[in-house]
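Tertiary structure, described
So the chains spell out like this:
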2 protein chains.
Amino acid sequence: MNRSNGSPSDWSITRSGATVAASDFLQLNPADAPRGGMSDWLARQIRRAVAEGLLPPGSRLPATRVLADELGVSRGVVTEAYRRLTEDGHVEGRGRAGTVVLAAPLVRPPEDGPVERERGGRGQAGRGPVGRRTPGHGAEERGTGKGGSGKGGSGERRVAARRAEEGRSTSEERALFGDPLDTGIFDALRAAPARVDLSPGLPDLAAFPRAAWLRAERAVLAGLVPADFGYGDPRGTPALRRAVARWLALNRGIAADPDEVLIVAGTAQALGLLALVLKDEGVTRVALEDPSSLGIRQHLRNSGLASPPVPVDERGVRVDALRATGARVALLTPAHQFPTGVVLDGVRRRELADWARDGGLIIEDDYDAEHRYDRPPVPALRSTLADHVAYAGSVSKLLAPALRVGWLLAPRRYRDALVDAKRFADLGNAALPQLVLAHLMESGELERHLRFLRRRHRGRRDAMIAALADRLPGAVVHGAAAGLHLTVTLEPGCDDVALAAAALEHGVKVQPLSWHAQRPGRPGLVIGYAASTPSDIREGVSVLGDLLR
Amino acid sequence: MNRSNGSPSDWSITRSGATVAASDFLQLNPADAPRGGMSDWLARQIRRAVAEGLLPPGSRLPATRVLADELGVSRGVVTEAYRRLTEDGHVEGRGRAGTVVLAAPLVRPPEDGPVERERGGRGQAGRGPVGRRTPGHGAEERGTGKGGSGKGGSGERRVAARRAEEGRSTSEERALFGDPLDTGIFDALRAAPARVDLSPGLPDLAAFPRAAWLRAERAVLAGLVPADFGYGDPRGTPALRRAVARWLALNRGIAADPDEVLIVAGTAQALGLLALVLKDEGVTRVALEDPSSLGIRQHLRNSGLASPPVPVDERGVRVDALRATGARVALLTPAHQFPTGVVLDGVRRRELADWARDGGLIIEDDYDAEHRYDRPPVPALRSTLADHVAYAGSVSKLLAPALRVGWLLAPRRYRDALVDAKRFADLGNAALPQLVLAHLMESGELERHLRFLRRRHRGRRDAMIAALADRLPGAVVHGAAAGLHLTVTLEPGCDDVALAAAALEHGVKVQPLSWHAQRPGRPGLVIGYAASTPSDIREGVSVLGDLLR
């Protein structure tokens, strides 16, 4: 992406978010739109412009009335297009401030040769990724972070000096990003000191509701009978299973009986138990979205399961490609694909449902579904496919990973085997934290906390988008409508592992996108924003920008 | 406990939390106190009054000055007594509102007999099974439980009536004791209602130090930095690993570096992780003492490991028989063999050390080593055989099984693989309870709690021995010098499974000894005493006696 080419001077776009003049807005010609598909066409054009950087984050779209007049269409057409863009996280309505571009859900650039690419496929109603190669930048591209090359600014000297004080060497950071299938890689990265930690997957940990937790624990302790301190039901305490069932009904559209809920020590354990049970029935492969979480890929590998990759495009996982793998189990992140942020759309949901009814099992990793900002909630697959989905959720992104509490709702035929597996794993989760959590859920404290987090996270996300627009103008931002992280893609040829290593050397922790990809793809970074303050976000992104320059 | 006896009308106690008049406060007579033990005596009297309901929750205690005047003791004596009561959760200081009764950790009224009573067994130094054959009862013994025969006493009629109300039938209880290798058997037994639960393996759960736990949690929460709520070291928090290393040095004679400590979710998980790692090296069999814990045998079976039985005699496991099995791994309970209570003696220790040095690995299940009454502490095998012992301990018997916290110290060659296994199991234990526990350990609270438990448990053990002598005169009692349970053996021909089923039908939960035996052996019962009050113990044993008659 190159913001200096094309003719952006035609468009009154400024980085600072000035209103885009509608008169020539994107040089749109409504005559290109398919009959009856005007809103869809308009949304697609704007999406593409966002992806290409023609509408950088912070740009304001024309008022609906103005654009409708320009295009000679009804205002409803524009309103509907904006609504769709809002839903998928490209833009956000800000009242009097208008409709503002946030970021671009991941769209693979054409040069990556995505399986699903359909170029020139006019009239395809937005199927396939939108991408454009901007010419003339090969010469400017270079790998980064090689020995911390490119140091120079005063900020970087400061960083380098601090690093020297800490006695850490570049090679140490480099080693941390070695073989991504090394099982200890996340531990090593976590243990590495960093001034600004932009690792993905963490909520605002400073917001942990300590006082509410302690109050709930006091209430719980006062109400316990001695037997509650003994060995318990390996499925979890009845109180938490009830509370989780209610929470999932309210927040995820899932109608489940508490008896269907198995309390586990986080999604990692849910996956481990499922792997045991599925292997017992002869399963050898679990298809994974590509890209998808490296941690989950490591986990499956450790369980002796292969993980055939299935491409993701802007509608979500490619179900035709999933069918082509022949795998009968797939682990998916439908609500907010990790790491791209794509939301599985209605067409793909229907295709997946068909696949499942043909004998497929979906492991639905609903890892951060509660965190959404600019779009309506997306119901879980489990809500309509109870017999075909093993649903895993946790409080890691709602409260704190350190609590190690999650839940697994599996199709009935797996339940007894899963309870056995849980019993032999650890005889069941610890009771006290379960009861405290149940108390927070039932009292409404958790819901309040979630609302509070959403506000905080949204502000941090906006700070990161602004910082990226300012300091990484060449990066394309994806997945901003929900979650706790953004993914940015960089120019082809950029060595994202070297970049992440150099960033760590400069005190900033991020993850390379290539870690999470099985097939070659666009380089990039996966950057968490939820756990960092806006000033840390700006500082971290600034370091990234310096390294990329 | 009987509130209608005594004369509470003498005391100015109200349920609404009015101040208790000190002038007659509990009719205390300092002359009853032992020399030099005034604070202890005072605390005990107040505890008892709380337990009896004489001081209901919400009551305020007299001001220290007032009570000290009344009793003619120094104010420090009263302050110290209140401090102890605060520590064990009976009362709470509320500033100007005074010292208020919170709740009653269980202490039975005086008619239950003094806590420190030591009957019989004097000077036996506790080695070997403590067995006592009470003479003259052979003729009265007979198989029991056939169709619940022997009902008759008014207590039993009451039980039978209650059972009928609950709609449970004899056959249901019988089914609970079906195939002991059914993996759900413990869950089913645990879930079965019983008026008196004499299951082995539980400490006094009513004594769980709720107030101290909550205080420690408050202190921990106040001191955490946000990153502590994130993903942590899968080995456990450094604070708990340090605290456990110190605890083991002080209590179990083990010199270990905190880095050697792996925090796990109880001994069940320790065993599961070890099984994974050992199977990876080709281990197919883990020798077990016979009898030994059925739960552990189930666990090994679930892991696909055979468990060749090794007989136990009064010196402990038979090492010659262990050698004869050809197994290179053995799971042992040296400090207090389960269920027999035998302590591994010096000769056998030396033989075991030779076996280990010849290539054997010992899994040392140190499940209740801290609970000893009439004997000196026995150092762990791990203390002298660090390279040959995988040592597993937990807080299940120190505080509560519901905490699901334990530790595993393995020989160096297994450590990396075990950390990997723990990471994939659940990414590590939850952080908060680890830190609270570390706080309790480092502050000395856990040590105090253990001393408190020892006194309580000793009293309950004595109550059980007395009740057994009275009501099961034909039974031989084993393993009384330590632990939380007794094993009684019965006359050959007695069907202990039927007896346990009949007992459950009559509202009393015990485990048949034959569950825990692989080879045919003497029938018997494994009976926990630590978690039950002396009066419940008497009631439960009385039911057993009626069934055996």
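Data block above holds the structure.
Summary of the structure given here. Predicted model, so just to flag it, every value in this text is computed and none were measured.

Quick notes on the rules
The residue count restarts for each chain, going from 1 along the sequence in the order it is written. Naming scheme: in the order in which they are written, chains are lettered from A and ligands are numbered from 1. Whole-chain, interface and lining totals are the exception, using all residues; otherwise, since this is a predicted model, local features are given only for residues with pLDDT of at least 70 and side-chain atom pairs are given and counted only at 80 or more. Computation of side-chain values: all heavy atoms of the structure, hydrogens and water removed. Whether two residues are in contact is decided by their heavy atoms: any pair within 4.5 Å suffices. Reported buried area values correspond to the accessible surface (1.4 Å probe) lost by two parts on association, with both partners' losses combined. The working definition used for a salt bridge is a side-chain nitrogen of Lys or Arg within 4 Å of a carboxyl oxygen of Asp or Glu. Under this definition, polar contacts are N or O atom pairs within 3.5 Å; protein pairs additionally need one hydrogen-donor-capable and one acceptor-capable atom, and for neighbouring residues in sequence, both atoms have to be side-chain atoms. Helix and strand labels come from DSSP, where a helix needs a run of H or I of at least four residues and a strand needs a run of E of at least two; each type is numbered from the N terminus. Amino acids outside the nonpolar list (Ala, Val, Leu, Ile, Met, Phe, Trp, Tyr, Cys, Pro) and the charged list (Asp, Glu, Lys, Arg) are all regarded as polar, and Gly is one of them. Buried residues of nine kinds, namely Ala, Val, Leu, Ile, Met, Phe, Trp, Tyr and Cys, make up a nonpolar core once their side-chain atoms join them within 4.5 Å. Here's how the labels work: a residue is buried when its accessible area is under 20% of the maximum for its type, exposed when over 50%, partly exposed in between, all with a 1.4 Å probe on protein chains only. Here the rule is simple: two strands pair whenever DSSP picks up at least two bridges between them. Note on geometry: axes are lines fitted to C-alpha atoms, helical ones only across the stretch in contact, with angles between N-to-C directions running from 0 to 180 degrees. In these notes the angle categories are as follows: under 35 degrees is roughly parallel, over 145 is roughly antiparallel, 65 to 115 is roughly perpendicular, and the rest is oblique. Note on convention: the crossing is left-handed when the near helix lies turned anticlockwise from the far helix by less than a right angle, right-handed when the turn is clockwise. Aromatic pairing here means that ring centres of Phe, Tyr or Trp (its six-membered ring) are within 6.5 Å. Orientation follows from the plane angle: under 30 degrees is stacked, over 60 is edge-to-face, and everything else is tilted. A helix is expected to span 1.5 Å multiplied by its residue count minus one.

1. Observations regarding the interface of chain B and chain A
Counting from both sides, the interface comprises 52 residues of chain B and, opposite them, 51 residues of chain A. Here chain B meets chain A over a buried area of about 4,300 Å², counting both sides, of which 60% is carbon and sulfur. Sorting the residues of chain B by area buried against chain A places Phe229, Tyr231 and Phe424 of chain B first, and these three jointly supply 19% of that buried surface. Run the count over chain B and chain A and you get two salt bridges. Of the charged contacts in the structure, one is a salt bridge between Arg423 of chain B and Asp187 of chain A, with a shortest N-O distance of 2.3 Å. Viewed at the interface, chain A and chain B are joined by 24 residue pairs in polar contact (both at pLDDT 80 or more). Contributing elements (two or more residues each) for the side of chain B that touches chain A: α6 (185–191), α7 (210–223), α9 (266–280), α10 (294–302), α13 (412–426) and α14 (431–442) of chain B. Residues belonging to the side of chain B that touches chain A are distributed by class as follows: 28 nonpolar, 12 polar and 12 charged.

2. Let's talk about the nonpolar core
Formed by 116 residues in total, the largest nonpolar core has its most connected members in Leu352 and Trp407 of chain A together with Leu352 and Trp407 of chain B. If sequence neighbours within four positions are ignored, Trp407 of chain A has contacts with Val244, Leu248, Val261, Leu262, Ile263, Val264, Tyr391, Ala392, Gly393, Ser394, Val395 and Met441 of chain A. In terms of nonpolar packing, the next biggest core, distinct from the first, is built from 42 residues, Val477, Leu504, Ala530 and Leu544 of chain A among them.

3. Things to note about the pairing of strand β13 (residues 485–489) of chain B
Residues and elements named next belong to chain B. Along β13, five of the five residues are buried, which leaves the element largely enclosed by surrounding structure. Of the two faces of β13, the one lined by His485, Thr487 and Thr489 and the one lined by Leu486 and Val488 are each fully buried. In sequence, strand β12 (residues 476–478) turns back onto β13 through a hairpin of six residues, with Gly479 there showing a positive phi of about 75°. Here β13 pairs with strand β16 (residues 524–528) via five bridges, running antiparallel.

4. Remarks on unusual backbone geometry
Along the chain, Phe338 of chain A connects to Pro339 of chain A via a cis peptide bond; the corresponding omega equals 0°. Tracing the sequence through the fold places Pro339 of chain A in the loop between β9 (329–332) and α12 (346–357).

5. Things to note about the pairing of strand β7 (residues 309–313) of chain A
Residue and element names in this part refer to chain A. Of all five residues that make up β7, four are buried, and the element is covered over most of its length. Note: strand β6 (residues 287–290) against β7, three bridges, orientation parallel. Following the sheet pairing, Leu288 is matched in β7 by Pro309. The sheet contact formed by β7 and strand β8 (residues 316–317) spans two bridges and is antiparallel. Looking at β8, one finds that Val312 is bridged to Val317.

6. What about the sheet that holds strand β7 (residues 316–317) of chain B?
Residue and element names in this part refer to chain B. Strand order in the open sheet formed by eight strands is β4-β11-β10-β9-β8-β5-β6-β7, with mixed pairing between adjacent strands. Looking along the sheet, the strands with just one partner apiece sit at the ends: β4 (261–264) and β7. Lying on the sheet, α9 is in contact with β4, β8 (329–332), β9 (361–365), β10 (389–394) and β11 (406–409); it crosses β10 at an angle near 155°. Along the sheet, helix α12 (residues 346–357) makes contact with β6 (309–313), β7, β8 and β9, crossing β9 at roughly 135°.

7. Structural notes on the sheet that holds strand β11 (residues 389–394) of chain A
Paired through their backbone hydrogen bonds, the strands of a sheet run either parallel or antiparallel. Residue and element names in this part refer to chain A. Taken in spatial order, the eight strands make up an open sheet running β5-β12-β11-β10-β9-β6-β7-β8, and their pairing is mixed. The open sheet has two edge strands with one neighbour each: β5 (261–264) and β8. Relative to strand β12 (residues 406–409), β11 runs antiparallel, the two being bridged by four bridges. Paired with Gly393 across the two strands is Trp407, which belongs to β12. In the packing of helix α13 (residues 412–426) onto the sheet, contacts are made with β5, β10 (361–365) and β12, and the angle to β5 comes to roughly 25°.

8. A short note on the packing of α9 of chain B against α13 of chain B
Helix-helix packing is characterised by the crossing angle of the two axes and by the distance between the axes. All names here are of chain B. Contact pair α9 / α13: the axes reach a minimum separation of 9 Å and the direction vectors enclose 120°. As far as their axial angle goes, α13 and α9 are oblique. Along this stretch, α9 crosses α13, giving a crossing that reads as right-handed. Packed against α9, whose contacting residues are Gln269, Leu273, Leu274, Leu276, Val277 and Leu278, the element α13 presents Tyr414, Ala417, Leu418, Ala421, Lys422, Ala425 and Asp426 at the interface. Partitioning the contact of α9 with α13 into residue classes produces 10 nonpolar, one polar and two charged.

9. Things to note about the environment of Pro291 of chain B
Residues and elements named next belong to chain B. Looking at where Pro291 falls in the secondary structure, it is placed in the loop between β5 (287–290) and α10. Distance from Pro291 to His516, taken between C-alpha atoms, is 5.3 Å for residues 225 residues apart in sequence. Once residues within four sequence positions are removed from consideration, Pro291 is found in contact with Gln337, Phe338, Pro339, Thr340, His516 and Ala517.

10. Let's talk about the packing of aromatic side chains
On inspection of all chains with the given rule, the structure shows eight aromatic pairs over all chains. Centre to centre, the rings of Phe208 of chain A and Phe229 of chain B are 4.2 Å apart; their planes meet at 20°, and the pair counts as stacked. Taken together, the positions of Phe208 of chain A in the loop between β4 (196–197) and α7 (210–223) and Phe229 of chain B in the loop between α7 and α8 (238–252) put the pair across two chains. The two residues Phe208 of chain A and Phe229 of chain B agree in class, both being buried. Taken together, a centroid distance of 5.7 Å and an interplanar angle of 50° make the contact between Phe208 of chain B and Trp213 of chain B tilted. Taken individually, Phe208 of chain B and Trp213 of chain B each receive the classification buried, so the pair is uniform in this respect.

11. Digging into helix α8 (residues 238–252) of chain A
Residues and elements named next belong to chain A. A rise of 1.5 Å per residue sets the reference length of α8, with its 15 residues, at 21 Å; its end C-alpha atoms lie 20 Å apart and thus fit the reference within 8%. Of all the residues in α8, the buried ones are Leu240, Arg241, Ala243, Val244, Ala245, Trp247, Leu248, Asn251 and Arg252. Buried-residue contacts for α8 involve β5, β11, β12, α14 (431–442) and α15 (445–471). Downstream of α8 by one or two residues, Gly253 has phi in the positive range, about 70°.

12. A few points about the packing of helix α2 (residues 64–71) of chain A against helix α3 (residues 75–87) of chain A
Residue and element names in this part refer to chain A. α3 packs onto α2 with a crossing angle of 120° between their chain directions and a minimal axis gap of 8 Å. By the angle between their directions, the pair α2 and α3 is classed as oblique. Crossing of α2 against α3: the hand is right-handed. Contacts between α2 and α3 involve Thr64, Arg65, Leu67 and Ala68 from the first element and Arg75, Val78, Thr79 and Tyr82 from the second.

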